[in-house]
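Structure assessment
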Amino acid sequence: AQKITQTQPGMFVQEKEAVTLDCTYDTSDQSYGLFWYKQPSSGEMIFLIYQGSYDEQNATEGRYSLNFQKARKSANLVISASQLGDSAMYFCAMREGRSGGFKTIFGAGTRLFVKA
Amino acid sequence: ETGVTQTPRHLVMGMTNKKSLKCEQHLGHNAMYWYKQSAKKPLELMFVYSLEERVENNSVPSRFSPECPNSSHLFLHLHTLQPEDSALYLCASSVGSGTSGDNEQFFGPGTRLTVL
């Protein structure tokens, strides 16, 4: 079974609008961390935002926020006021406590296209 | 130089060649990782080193051989590769293991490998 599921292979958004990228995860661990990364066409993976399983509040980092719904096992990324430079691949990832925390599992990614 | 660097950025090799990929991190991190990113596949963790000791080996074929001489350097030695090994190879580092946000991974720009 897939541990991280990103159901949107591609998404379009108009510049300056908000967009939500979906991520659901599967784990039986109580302790885990959820991460979102951005990968521009240059190839480098850039860390965006983190949510811990015990965090009660949704994480926010500038224009990025994470809509964390623990009971539904979802961790959707919300990008507000989209910019042309936001066009990239976005990956949701999870670290489980029982694996010692070294193993990060990535989803298949969502390609975001921002239209001018 | 700062962050995580990888050399070479592009590599074309024949199936009988022997080559090495190099990764260097200037962040004082204790853990380093090799990932393989193929087209239309999620990022695959290959190897993890913590304090120069291999802690994760994800059933990678023996034609890939990692080496971590110190906490700042990580190599991936390649020999008798197959065309299906063509991919983007990403190196990453983190402060340590664990599920906390402090252990976000910092990625290098990757080496685009083509096996003929």
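Heads up: these notes are all about the structure in this document. Because the structure is a prediction, the values reported are computed rather than measured.

All names here are of chain B. The sheet built from four strands is open, its strands ordered β1-β3-β8-β7 with antiparallel pairing. Two strands close off the open sheet at either side, each with one partner strand: β1 (4–7) and β7 (64–70). With direction set aside, neighbouring strand axes in the sheet form an average angle of 20°.

All right, on to the environment of glutamine 30 of chain A then. Residue and element names in this part refer to chain A. By secondary structure assignment, the location of glutamine 30 is in the loop between β4 (24–25) and β5 (32–39). The spatial distance from the C-alpha of glutamine 30 to the C-alpha of asparagine 58 is 17 Å, given a sequence separation of 28 residues. Setting aside residues up to four positions removed in sequence, glutamine 30 forms contacts with Ser53 and Tyr54.

Frequently, the measure chosen for interface size is the accessible area that the parts lose on association. With 24 residues of chain A in contact, the opposing surface of chain B contributes 28 residues. Both sides of the chain A and chain B interface together cover about 1900 Å² of buried area, and 56% of this is carbon and sulfur. Of all residues in chain A, Arg95, Phe102 and Phe106 of chain A bury the most surface against chain B, accounting for 34% of the area lost on that side. The interface formed by chain A and chain B includes zero salt bridges. Counting every contact that joins chain A to chain B gives four residue pairs in polar contact (both at pLDDT 80 or more). Elements supplying a minimum of two residues to the side of chain A that touches chain B: β5, β6 (46–52), β10 (88–96) and β11 (104–106) of chain A. The leading source of residues in the side of chain A that touches chain B is β5 of chain A, at five residues.

Parameters and conventions
The residue numbers shown here count from 1 along each chain, following its written sequence. Here chains are named by letter from A upward and ligands by number from 1 upward, in the order in which they appear as written. It should be noted that, the model being predicted, local features are given only for residues of pLDDT at least 70 and side-chain atom pairs only at 80 or more, the latter also being counted only at that level, while totals for whole chains, interfaces and linings use all residues. For the side-chain quantities, the full set of heavy atoms in the structure was used; hydrogens and water were omitted. Pairing between two strands requires that DSSP report at least two bridges joining them. Strands are runs of DSSP state E lasting at least 2 residues, helices are runs of H or I lasting at least 4, and numbering of each runs from the N terminus. In this analysis, axes come from line fits to C-alpha atoms, helices being fitted only over the stretch in contact, and the angle between any two N-to-C directions falls in the range 0 to 180 degrees. The contact rule is simple, with two residues in contact once any of their heavy atoms fall within 4.5 Å. Two parts placed together each lose some accessible area under a 1.4 Å probe, and adding up what both lose gives the buried area. Any Lys or Arg side-chain nitrogen located within 4 Å of an Asp or Glu carboxyl oxygen qualifies as a salt bridge. We define a polar contact as two N or O atoms separated by no more than 3.5 Å, with the added condition that, inside protein, one atom must be a possible hydrogen donor and the other a possible acceptor, whereas residues neighbouring each other in sequence contribute only through side-chain atom pairs.

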